[in-house]
Amino acid sequence: PFRNFVAQARLGMKPEAHETFFREMLGDIDEPTAPFGLLDVRGDGAGVKEAKQDLDLDLARRLREQARTLGISAAGLFHLAWAMVVSRSSGRDDVVFGTVLFGRMQGGEGAERGLGMFINTLPLRVQLAEGSVLEQSREMQRRLADLLRHEHVPLSLAQRCSAVPAPAPLFSALLNYRHSQADASADSSPAWQGIEVLSSGEERSNYPIVLSVDDLGEGFELTAQTLPPVAPERLCALMHTALDNLIMALETAPDTAMRQIGVLPEAERRQVLYDWNASQADYPHNRCIHELFEAQVAAQPDAPAVVHNGRTLTYGELNARANRLAHYLRSLDVKPDDRVAICLARSVEQVISLLAVLKAGAAYVPLDPSYPAERLAYMLEDSAPKMLLAQQSPKGILPKTDAQVIAWDGDWSQIDKQPDTNLPAQALGLTAQHLAYVIYTSGST
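Residues numbered from 1 in each chain as written. Predicted model: local features only at pLDDT ≥ 70, side-chain atom pairs only at ≥ 80, totals over all residues. Heavy atoms only, no water.

Student: What exactly am I supposed to notice about the nonpolar core here?
Tutor: Soluble globular proteins tend to bury their nonpolar side chains together. Ranked by size, the top nonpolar core spans 73 residues in total, and within it Phe22, Phe78, Trp82, Phe220 and Met239 carry the most contacts. With eleven residues, helix 4 (residues 74–90) is the single largest residue contributor to this core. When near neighbours in sequence (up to four residues on either side) are disregarded, Phe220 contacts Asp54, Leu55, Ala60, Leu63, Arg64, Ala74, Phe78, Tyr177, Val213, Asp214 and Asp215. The next biggest cluster of nonpolar side chains, apart from the first, holds 36 residues, and it includes Leu313, Leu358, Tyr364 and Trp412. (Core = buried A, V, L, I, M, F, W, Y, C linked by side-chain atoms within 4.5 Å. Buried < 20%, exposed > 50% of the residue type's maximum accessible area, 1.4 Å probe, protein only. Helix = DSSP H or I, 4+ residues; strand = E, 2+ residues; numbered from the N terminus. Contact = heavy atoms within 4.5 Å.)

Student: Could you clarify how one ought to interpret the pattern of salt bridges in this entry?
Tutor: Side chains bearing opposite charge may pair, as long as their charged atoms lie close to each other. Counting across every chain of the model gives 23 salt bridges. Here Arg178 and Asp214 are joined by a salt bridge, their closest N and O atoms 2.6 Å apart. In this pair, Arg178 sits in strand 4 (residues 173–179) while Asp214 sits in strand 5 (residues 209–215), placing the two residues 36 residues apart along the sequence. With relative accessibility at 21%, the residue Arg178 sits in the partly exposed group. In this structure, the salt-bridge partner of Asp338 is Lys335, at a minimum N-O distance of 3.8 Å. Look at Lys335 and you get partly exposed, because its relative accessible area is 36%. Several salt bridges converge on common partners, so that one network encompasses Asp58, Arg62, Asp244 and Glu251. (Salt bridge = Lys/Arg side-chain N within 4 Å of Asp/Glu carboxyl O.)

Student: Help me understand the confidence of the model for the protein chain in this model?
Tutor: If pLDDT is low for a region, its predicted coordinates should not be looked at in detail. The pLDDT averaged across the protein chain works out to 88; a share of 89% of its residues lies at or above 70. Mean pLDDT values for the elements of the protein chain range from 58 in helix 1 (residues 2–11) up to 97 in helix 3 (residues 57–70). (pLDDT = per-residue confidence, 0-100.)

Student: How should I be thinking about the packing of helix 4 against helix 5 (residues 133–148) in this particular structure?
Tutor: Pairs of packed helices are described in terms of their axes, by the angle between the two and the distance that separates them. Contact pair helix 4 / helix 5: the axes reach a minimum separation of 9 Å and the direction vectors enclose 110°. Taken as axis vectors, helix 4 and helix 5 run roughly perpendicular relative to one another. You can see that helix 4 and helix 5 cross each other, and the crossing is right-handed. Between helix 4 and helix 5, the residues in contact are Ala75, Gly76, Leu77, His79 and Leu80 and Val133, Gln136, Ser137, Met140, Gln141 and Leu144, respectively. Residue classes in the contact of helix 4 with helix 5 are distributed as six nonpolar, five polar and no charged. (Axes fitted to C-alpha atoms, helices over the stretch in contact; angles between N-to-C directions. Parallel < 35°, antiparallel > 145°, perpendicular 65-115°, else oblique. Left-handed = near helix turned anticlockwise from the far one by under 90°. Nonpolar A, V, L, I, M, F, W, Y, C, P; charged D, E, K, R; others polar.)

Student: Looking at this structure, I do not really get the sheet that holds strand 4. What am I missing?
Tutor: Adjacent strands of a sheet form backbone hydrogen bonds with each other and so pair up, either parallel or antiparallel. Spatially, the six strands line up as an open sheet ordered 1-6-5-4-2-3, and their pairing is mixed. At either end of the open sheet lies a strand with only one pairing partner, and these are strand 1 (49–54) and strand 3 (120–127). Pairwise comparison of adjacent strand axes, ignoring direction, gives a mean angle of 25° for this sheet. Bridge count between strand 4 and strand 5: seven bridges; the pairing is parallel. Counted as the bridge partner of Arg178 is Asp214 from strand 5. Lying on the sheet, helix 2 (residues 15–26) is in contact with strand 2 (94–101) and strand 3; it crosses strand 3 at an angle near 40°. (Pairing = 2+ DSSP bridges.)

Student: Sorry, what's going on with the sheet that holds strand 9 (residues 339–343) here?
Tutor: Sheet architecture is open: four strands sit in the order 10-9-11-12, paired in parallel fashion. The sheet is open, and its two edges are formed by strand 10 (363–366) and strand 12 (404–407), each paired on a single side. Within the sheet, the average angular offset between the axes of one strand and its neighbour, ignoring direction, is 25°.

Student: Any chance you could explain the packing of helix 9 (residues 289–299) against helix 10 (residues 315–331) here in plain terms?
Tutor: Viewed as axis vectors pointing N to C, helix 9 and helix 10 meet at an angle of 135°, and their least axial separation amounts to 9 Å. Considering their axes alone, helix 9 and helix 10 lie oblique with respect to each other. When the axes of helix 9 and helix 10 are compared, the crossing they make is left-handed. On the side of helix 9, the interface is formed by Phe293, Glu294, Gln296 and Val297, while helix 10 contributes Tyr315, Gly316, Leu318 and Asn319. Looking at the contact of helix 9 with helix 10, its residues break down into four nonpolar, three polar and one charged.

Student: Help me understand the environment of Asp382, please; the structure alone is not making it clear to me.
Tutor: Relative to the elements of secondary structure, Asp382 occurs in helix 12 (residues 373–383). For Asp382, a relative accessible area of 47% puts it in the partly exposed group. Within the structure, the side chain of Asp382 is placed 2.6 Å from the side chain of Tyr440, a separation counted as a polar contact. (Polar contact = N/O pair within 3.5 Å; in protein donor to acceptor, adjacent residues only side chain to side chain.)

Student: I would appreciate a short explanation of helix 13 (residues 408–415) in the present structure.
Tutor: Residues separated by three or four positions in an α-helix point in the same direction, a consequence of the helix having 3.6 residues per turn. Residues of helix 13 that are buried: Trp408, Asp411, Trp412 and Ile415. The buried residues of helix 13 occupy one face: seen down the axis, they fall within an arc of 125°. (Arc of directions from axis to C-beta.)

Student: Looking at this model, I keep getting lost on the pairing of strand 3. Mind explaining?
Tutor: The two faces of a sheet get side chains in turn, since along a regular strand they alternate between them. For strand 3, a buried count of seven out of eight residues is recorded, marking the element as mostly surrounded by other parts of the structure. Where strand 2 meets strand 3, eight bridges bridge the pair, whose relative direction is antiparallel. Bridge pairing in strand 3 places Phe97 opposite Leu124.

Student: Is there a simple way to explain unusual backbone geometry in this structure?
Tutor: Apart from glycine, the bulk of residues carry a negative phi angle, and the bulk of peptide bonds sit in the trans form. Residue Pro167 follows Ala166 across a cis peptide bond; omega there is 5°. Along the chain, Pro167 turns up in the loop between helix 6 (155–160) and strand 4. Cis geometry is found at the peptide bond from Pro228 to Pro229, where omega equals 10°. A positive phi angle, close to 50°, is found at Asn309, a residue other than glycine. Judged by its relative accessible area of 71%, Asn309 is exposed.

Written out as structure tokens, the structure is:
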């Protein structure tokens, strides 16, 4: 049987067919998939931590029921759930991970009786950005079936078919789905009679993220092996949650978009969404932003407030310069809720301008001078600012606007003559309810 297996593995399919398959799968992948940022795949297993977790028996039964209903394997659902975990922990919708293949499916007649370890690791690509959970489940089954036809291909050949430059790895996470016997031991199996087990050893690999799934016939056991700082218990919890949410979606809403299925356990989700955002603090709601800044000026006037390209302004210096510009804006009849556009690159002058506009009672409209002229023209027309602060006189640099332009290169001599005292908000009729700024986003916000 072993000789037949070797012949089938070497001659069963032409090398060109293997290469074509993996080039179609991986040809446009040009960077590794690295969950949790772990990329070292040359380790010896030292430092690896391990944790085990039984899948809830009710979830295991529901999973097998869904597999039967859809006509797919339980392994396919585990691979899809693992792809979700890899996706969320690597920040990518298009992921590649390794899967361990039995090695005997394409071994020819008698392969099941051959002695030895025939397993092989090959990459599997999963794209989760589109498709429903039902579509993705069926697609995963198809991908696994296609991959099985190439189970004897060297991993090095598959990796060369990608665009990931050597020596970077194609992937750093591994899934090992295996059928196991819950009672297989030296005490229970006749095959082990008379054999003394000296050491069971430790199962380790060179990959920093490994999840093994033992299919026990009825239930399942998860075994996670991870390198610090990733805790294996957390990996088990992520996988358990991914499976639970996937099966629930297949049962109740199979048309749910795959990208909407979460993997965070409830405790971690609450920590991320609520505990880490519990930033409530006592805040004087009747005071404006610039008044809080002025309180800091009074407390630490000589402390550095702004540092940029070797320039430093203390709180006192920043406050004085912003006050002069604020008095100048007030002399030009700037009032609360007026808009003042600021078209300056990131600089000390930009910070002075933002603070001065608030001190004058107006709202600032930040404009990035690197934006296309059409974009700047739209923002100026839409926000209708009363003033425009710029680094230099326009002279065709900025789009045409009805706003009065104040240029740092030409007008600062006049601004510098203004008082450097604070402008009391109450005297301006300014409250915390007045407009502070108008910002145009890319749309993602």
